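# Report on the structure
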Amino acid sequence: MASHQLALSLPATTDAVSAARHRAVDGIRRWNAELDDEVEHAATLVISELLTNAVQHVGAGRILLTARLTGTVLRIEVCDSSPLLPRPGLPDDDSETGRGLLLVSALADRHGTEPTLTGKRCWAEIPLFTSPETQTSAPLVGS
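As a starting point, this report considers the structure included with it.

What counts, and at which threshold
- Residues numbered from 1 in each chain as written.
- Predicted model: local features only at pLDDT ≥ 70, side-chain atom pairs only at ≥ 80, totals over all residues.
- Heavy atoms only, no water.
- Core = buried A, V, L, I, M, F, W, Y, C linked by side-chain atoms within 4.5 Å.
- Buried < 20%, exposed > 50% of the residue type's maximum accessible area, 1.4 Å probe, protein only.
- Helix = DSSP H or I, 4+ residues; strand = E, 2+ residues; numbered from the N terminus.
- Contact = heavy atoms within 4.5 Å.
- Expected span 1.5 Å × (residues − 1).
- Polar contact = N/O pair within 3.5 Å; in protein donor to acceptor, adjacent residues only side chain to side chain.
- Axes fitted to C-alpha atoms, helices over the stretch in contact; angles between N-to-C directions.
- Parallel < 35°, antiparallel > 145°, perpendicular 65-115°, else oblique.
- Left-handed = near helix turned anticlockwise from the far one by under 90°.
- Nonpolar A, V, L, I, M, F, W, Y, C, P; charged D, E, K, R; others polar.
- Phe/Tyr/Trp six-rings, centres within 6.5 Å; stacked < 30°, edge-to-face > 60°.
- Lys NZ or Arg CZ within 6 Å of the ring centre and 35° of its normal.

## Here we look at the nonpolar core
Among the nonpolar cores identified, the biggest contains 35 residues, and Leu51, Ile63, Leu65, Leu74 and Ile76 are the most heavily contacted of them. Elements supplying a minimum of two residues to this core: strand E1 (4–11), helix H1 (14–30), helix H2 (37–58), strand E2 (62–70), strand E3 (73–80) and strand E5 (119–127). Broken down by element, this core gets its largest block of residues, 10 residues, from H2. Apart from the residues within four sequence positions on either side, isoleucine 76 is in contact with Ala43, Val46, Ile47, Leu50, Leu65, Thr66, Ala67, Cys122, Trp123, Ala124 and Ile126.

Here it is, written out as C-alpha cells:
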C-alpha cells in the first residue's frame, strides 16, 4: 500500500477543531486508500479528541495535525506548544469532560505522548482492517 500524508496547522481555538477535523477527514478520503468505514469513523473521533485536548490545554498558539498512512497503519499526531503531558482521567458519571484519552485508547491499537523541543506530541495508530476479499486462507488438505 502506498504511503500518504497530510499536515494541517491551525490556531488553538475551539472554532478551529471542527473545520480541521473536516479538512483532515476529507484529505484522508482523497487518498483513495479504500479505508473501511470503521477506520474512517475511528480516525474522525481520534482527530477530534486529540485536537480538542490540545485546544483545551495549550492556550494560545498553533497546533499541528498530521495524518500518515504507511503500510497497514493510519497514524494521527497532534503537536502543540504545551510541555504538560496529558494523563487519562477517571471521570464520574456526571462529568462532561475527561473521556477523550479513554476514547482514543479504545479506538487506537497504540497511542501515546512524548515531549518535543517545542512542547509535546500526542499520537494514535489505527490499524487498517482487511476485507474478507483480500484475506487468503490456507488450502484444505485432501480427505
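The structure having been displayed, the exposition proceeds.
## Here we look at H2
The terminal C-alpha atoms of H2 lie 31 Å apart, and with 22 residues this matches the ideal 32 Å at 1.5 Å per residue to within 8%. On its buried face, H2 sits against E1, H1, E2, E3, helix H3 (100–107) and E5. Two to three positions downstream of the cap, the backbone nitrogen of glutamate 38 sits 3.2 Å from a side-chain oxygen, assigning the N-cap of H2 to aspartate 36. Downstream of H2 by a residue or two, glycine 59 has a phi angle that is positive, lying close to 80°.

## A few points about the packing of H1 against H2
Running from N to C, H1 and H2 cross one another at 150°; their axes reach a closest spacing of 9 Å. Put simply, H1 runs roughly antiparallel to H2. The crossing of H1 and H2 is right-handed. Between H1, through Thr14, Val17, Ala20, Arg21, Ala24, Val25, Ile28 and Arg29, and H2, the contact on the second element is made entirely by Glu40, Thr44, Ile47, Ser48, Leu51, Thr52 and Val55. Of the residues contributing to the contact of H1 with H2, the split by class is eight nonpolar, four polar and three charged.

## Observations concerning unusual backbone geometry
Unlike most non-glycine residues, asparagine 32 shows phi in positive territory, near 55°. With respect to the helices and strands, asparagine 32 occurs in the loop between H1 and H2. What makes asparagine 32 exposed here is its relative accessible area of 64%. Phi angles above zero are rare outside glycine, and glutamate 34 is one such case at about 55°. Of note, glutamate 34 is situated in the loop between H1 and H2. Of the residues examined, glutamate 34 reaches a relative accessible area of 78% and is grouped as exposed.

## Describing the packing of aromatic side chains
Considering all chains together, one arrives at zero aromatic pairs under this definition. When the ring centre of tryptophan 123 is taken as origin, the NZ or CZ atom of arginine 75, which lies over that ring, is 4.3 Å away.

## Focus: the environment of alanine 16
Structurally, alanine 16 is set in helix H1. Alanine 16 sits in the buried class, given a relative accessible area of 12%. Beyond its immediate sequence surroundings of up to four residues, alanine 16 is in contact with Leu10 and Pro11.

Everything listed here is a matter of geometry and, on its own, says nothing about what the molecule does.
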